[in-house]
Amino acid sequence: MADTKKVKHQTEKDNPFEEMIKRLDVAAKIMKLDDDVYEIMKKPNKIVYSSLPIKMDNGKTQVFEGFRVVHNTALGPSKGGIRYSLNVNESEVMALAAWMTFKCAIADIPYGGAKGGINCDPSKMSEGELERLTRSYTSAMSDVFGVDKDIPAPDMNTGAREMAWIVDEFSKIKGAYTPGVVTGKPLHLGGSRGRVEATGRGVMTATMEAMEKLGMKPEKCRAAVQGFGNVGSITAKHLAAQGIKIVAISDHTAAFYNADGIDIDKAIAYRNSNKGVIKGYKGGKLISNEELLTLNVDILCPCAMENQITEENANKIKAKLIVEGANGPTTDEADHILEKKGVTVIPDILANGGGVTVSYFEWVQNRNGYYYSEEEINKRADRWMKQAFNNVWEVSKKYKVHMRIAAYIYALSKIELGIKSRGSY
Ligand code: GLU
């Protein structure tokens with residue numbers, strides 16, 4: 001059985017939830033957010049914690065920690081991925097859930113925000129162990145999840161395989177086949193065409209919109225992409241297809257630089273044949289992760305994880321444009337430094353919203369039982385992303401604030417409307 005824990009704020013430096021609160025405070029003040037709405041937004045609606053005992057392949061039992069945080073449901077059922085990583089803790093999942101609330105409001109899809117995670121190292125677990133862990137987590141969260149309640153999706157280190165296990169376990173528990181309870185499913189189980197590429201494709205669309213506003217020409221620009229998982233690799237592929245030269249890529253095992261441009265298709269093929277990592281790739285010179293972030297490039301896309309651009313390295317960043325494929329890669333202190341330097345940052349809650357947008361299309365298709373072509377999905381997703389970008393851009397001009405604060409303001413004004421018109425106790 002899952003039990004509900006009290007809200008506990010962690011105090012360590014760069015606590016992601018505190019990073020969220022700092023931006024919320026600034027946006028709330030500028031837009032004169034209603035005090036009651038501010039109080040609601042400051043705390044997640046629900047935090048569910050569950051210990052998950054799993055029989056490992058060696059016969060021993062290992063107990064994992066699983067979390068699901070629902071931040072807000074004013075605009076609809078909560079939506080957000082599930083990540084498997086050793087960095088998963090309550091404060092991280094709380095922040096990621098809040099960012100989903102803002103992200104869905106900005107993307108203009110009828111959802112609130114949630115996030116889940118299990119503290120584990122999936123690279124050291126067998127497929128059987130991962131399946132048992134995913135099923136145990138689903139069972140613990142079966143009263144939280146629901147097609148009209150809370151709809152998970154993939155996030156770091158999870159994908160269509162895990163979503164299929166969740167559909168199966170959830171359907172067994174409820175006694176009815178329920179594919180719409182998660183998105184990011186395999187195509188043959190009701191997944192949507194275009195979902196796998198959607199986040200990276202959206203990061204590209206946001207980058208192209210920003211470049212147009214800033215007068216940057218793709219064929220004259222060089223980019224570095226941090227992270228080579230689903231988001232980073234697809235972002236790099238789509239940026240390259242637009243004529244931008246990708247001179248550096250990285251993952252948690254290595255980073256590479258090539259002044260002539262990295263062949264992204266080759267790098268993806270190498271990764272796929274190399275247990276999912278780019279270590280040992282021969283198409284570039286080995287550099288450090290820190291060097292990648294501070295390279296002399298026009299565009300930097302942090303697509304790995306939180307707290308990568310901090311007060312320690314922000315001053316050394318040379319890119320004019322940062323587009324956040326990851327959630328929370330830039331700290332609040334770094335934001336201030338980057339703003340002073342004149343760097344434009346397209347924030348996570350806008351830039352990586354393409355994934356959840358196509359998740360919404362998947363959920364709609366599941367409800368209707370009618371499926372669209374990839375072309376149709378991509379066309380709609382591109383339109384949604386361009387609209388979201390321009391909505392936030394307008395707010396940034398109106399309030400004379402940078403794009404992150406503008407994104408918070410845009411999201412908060414919609415959520416405020418939702419909360420007020422629904423009323424409260
Ligand atoms: N995990 C992704 C995100 O952070 C996708 C969430 C979803 O599709 O629900 O946006």
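Every chain is numbered independently, its residues counted from 1 as its sequence is written. It should be noted that, the model being predicted, local features are given only for residues of pLDDT at least 70 and side-chain atom pairs only at 80 or more, the latter also being counted only at that level, while totals for whole chains, interfaces and linings use all residues. The basis for every side-chain value is the complete set of heavy atoms in the structure, and neither hydrogens nor water enter the calculation.

1. Brief notes about the pattern of salt bridges
So the rule is basically this: Salt bridges are defined as contacts in which a side-chain nitrogen from Lys or Arg sits within 4 Å of a carboxyl oxygen from Asp or Glu. Secondary structure is summarised from DSSP: a helix means a run of H or I of at least four residues, a strand means a run of E of at least two, and numbering begins at the N terminus for each. Think of it in three bands: with a 1.4 Å probe and only protein chains considered, a residue is buried below 20% of the maximum accessible area for its type, exposed above 50%, and partly exposed in between.
The final tally for this structure, using the stated rule, is 32 salt bridges. In this structure, Arg 135 and Glu 131 form a salt bridge, with 2.9 Å as the shortest nitrogen-oxygen distance. Taken together, the positions of Arg 135 and Glu 131, both in helix H4 (residues 127-140) and four residues apart, correspond to about one turn of that helix. Look at Arg 135 and you get buried, because its relative accessible area is 18%.

2. Things to note about the site of the ligand
To keep things clear, this is the line we draw: The rule for a residue being near a molecule or strand is that one of its heavy atoms must lie within 4 Å of it. Under this definition, polar contacts are N or O atom pairs within 3.5 Å; protein pairs additionally need one hydrogen-donor-capable and one acceptor-capable atom, and for neighbouring residues in sequence, both atoms have to be side-chain atoms. Per-residue accessibility takes into account occlusion by the displayed protein chains alone, with areas from the Shrake-Rupley method and a 1.4 Å probe. Ten residue types, Ala, Val, Leu, Ile, Met, Phe, Trp, Tyr, Cys and Pro, are classed as nonpolar, four, Asp, Glu, Lys and Arg, as charged, and the remainder, Gly among them, as polar.
Around the ligand, the structure places 13 residues, and the nearest of them are Lys 79, Lys 103, Lys 115, Asp 155 and Ser 359. At 3.0 Å from an oxygen atom of the ligand is found a side-chain nitrogen or oxygen belonging to Arg 195. Here Ser 359 contributes a side-chain N or O atom positioned 2.6 Å from an oxygen atom of the ligand. About the coverage of the ligand: the protein hides 95% of its 290 Å² of free accessible area. When residues in the shell around the ligand are grouped by element, the largest group, three residues, is from strand E4 (residues 78-85). Class assignment of the residues belonging to the shell around the ligand gives a composition of four nonpolar, four polar and five charged.

3. Concerning the packing of aromatic side chains
A ring pair, where both rings are aromatic, is described by two values, the distance of the centres and the angle of the planes. Counted only if it meets this: Aromatic pairing here means that ring centres of Phe, Tyr or Trp (its six-membered ring) are within 6.5 Å. Orientation follows from the plane angle: under 30 degrees is stacked, over 60 is edge-to-face, and everything else is tilted.
Throughout the structure, instances matching the rule amount to 12 aromatic pairs. Considering the side-chain rings of Tyr 111 and Tyr 360, the 5.8 Å spacing of their centres and the 85° angle between planes classify their relative orientation as edge-to-face. Here Tyr 111 is found in the loop between helix H3 (90-107) and strand E5 (112-119), whereas its partner Tyr 360 is found in helix H12 (residues 354-368), with 249 residues between them in sequence. No difference in accessibility class separates Tyr 111 from Tyr 360, as the two residues are buried.

4. What about the packing of helix H7 (residues 230-241) against helix H8 (residues 264-272)?
Geometry of a packed helix pair, given as the angle between the helix axes and the separation of the axes. Using the following cut-off: An axis is simply a line fitted to the C-alpha atoms; with a helix, the fit covers only the stretch in contact. Between two such axes, the angle follows the N-to-C directions and lies from 0 to 180 degrees. The labels follow the angle: roughly parallel below 35 degrees, roughly antiparallel above 145, roughly perpendicular from 65 to 115, and oblique for the rest. Two helices that cross are described as forming a left-handed crossing if the nearer one is turned anticlockwise from the farther one by less than a right angle, and a right-handed crossing if clockwise. For this analysis, residues touch if any pair of their heavy atoms sits within 4.5 Å.
Where H7 contacts H8, the axes come no closer than 9 Å and their chain directions differ by 160°. As summarised for this structure, H7 and H8 are arranged roughly antiparallel, according to the angle between their axes. Considering only the axes of H7 and H8, their crossing is left-handed. Residues Ser 233, Ala 236, Lys 237 and Ala 240 of H7 lie in contact with H8, whose contacting residues are Ile 264, Asp 265, Ile 268 and Arg 271.

5. Concerning the pairing of E4
Test applied: Two strands are counted as paired when DSSP detects at least two bridges linking them. We call a crossover right-handed when, viewed with both strands directed away from the observer, the connection leading from the first strand over the helix to the second proceeds clockwise.
By the criterion of burial, E4 is predominantly enclosed, with eight of the eight residues buried. Across six bridges, the pairing between E4 and E5 is parallel. When the sheet's bridge partners are listed, Lys 79 is paired in E5 with Gly 113. Handedness of the crossover joining E4 and E5 through H3: right-handed. Note: E4 against strand E6 (residues 150-154), five bridges, orientation parallel. Across the sheet, residue Ile 82 finds its bridge partner in E6, namely Pro 154.

6. Quick look at the environment of Ser 250
With respect to the helices, strands and loops of the structure, Ser 250 is situated in strand E8 (residues 245-250). In contact with Ser 250, not counting residues within four places along its chain, are Val 225, Gln 226, Gly 227, Phe 228, Ala 255, Ile 278, Asn 289 and Leu 292.

7. Some words on helix H13 (residues 374-399)
Stated formally: Expected helix span is computed as 1.5 Å times (number of residues minus one).
Counted at 1.5 Å a residue, the expected span for H13 with its 26 residues is 38 Å, and the 38 Å between its end C-alpha atoms agrees. Among the residues of H13, those classed as buried are Ile 377, Asn 378, Ala 381, Asp 382, Met 385, Ala 388, Phe 389, Val 392, Trp 393, Val 395 and Ser 396. In this fold, the buried residues of H13 make contact with H3, helix H6 (195-214), strand E13 (344-346), helix H11 (348-351), H12 and helix H14 (403-422). Positive backbone phi, at 50°, marks Lys 400, one or two positions downstream of H13.

8. Notes on the confidence of the model for the protein
Our working definition: pLDDT is defined as a per-residue confidence score from the predictor, taking values between 0 and 100.
The pLDDT averaged across the protein works out to 96; a share of 96% of its residues lies at or above 70. pLDDT under 50 marks residues 1-11. Its contacts with residues more than four places away, or in other chains, come to 28 contacts.

9. Side note on the nonpolar core
Most often, soluble globular proteins have nonpolar side chains that are buried together. What counts is decided by this rule: Side-chain atoms within 4.5 Å link the members of a nonpolar core, which is a set of buried Ala, Val, Leu, Ile, Met, Phe, Trp, Tyr and Cys residues.
Counting 79 residues, the largest nonpolar core has Phe 102 and Ile 346 as its most contacted members. With 11 residues, the top contributor of residues to this core is H14. When residues no more than four places from it in sequence are discounted, the contact partners of Ile 346 are Ala 206, Ala 210, Leu 321, Ile 322, Val 323, Glu 324, Ala 351, Phe 389 and Met 403. Of all hydrophobic cores here, the second largest spans 26 residues; its members include Met 141, Met 163, Trp 165 and Val 181.

10. Thoughts on the side chain of His 238
Within the secondary structure, His 238 sits in helix H7. Once you skip the residues sitting within four places of it in the chain, His 238 turns out to touch Glu 197, Gly 200, Arg 201 and Met 204.

11. A short note on the packing of helix H1 (residues 16-31) against H14
Taken N-terminus to C-terminus, the directions of H1 and H14 make an angle of 70°; their axes are 9 Å apart at the nearest point. Accordingly, the angle class assigned to the pair H1 and H14 is roughly perpendicular. Residues Met 20, Arg 23, Leu 24, Val 26, Ala 27, Ile 30 and Met 31 of H1 form the contact with H14, whose participating residues are Arg 404, Ile 405, Tyr 408, Ile 409, Leu 412, Ser 413 and Glu 416. For the contact of H1 with H14, the residue count by class is 10 nonpolar, one polar and three charged.

12. Some details on the sheet that holds strand E11 (residues 299-302)
The strands making up a sheet are joined through hydrogen bonds of the backbone, oriented either antiparallel or parallel. An order of E10-E9-E8-E7-E11-E12-E13 is seen for the seven strands of this open sheet, with the pairing classed as mixed. The two strands at the open ends of the sheet, each matched to only one other strand, are strand E10 (285-287) and E13. When the angles between neighbouring strand axes are averaged without regard to direction, this sheet yields 25°. One ladder, built from three bridges, connects E8 with strand E9 (residues 255-257); its direction is antiparallel. Bridge pairing links Ile 249 to Phe 256 in E9.

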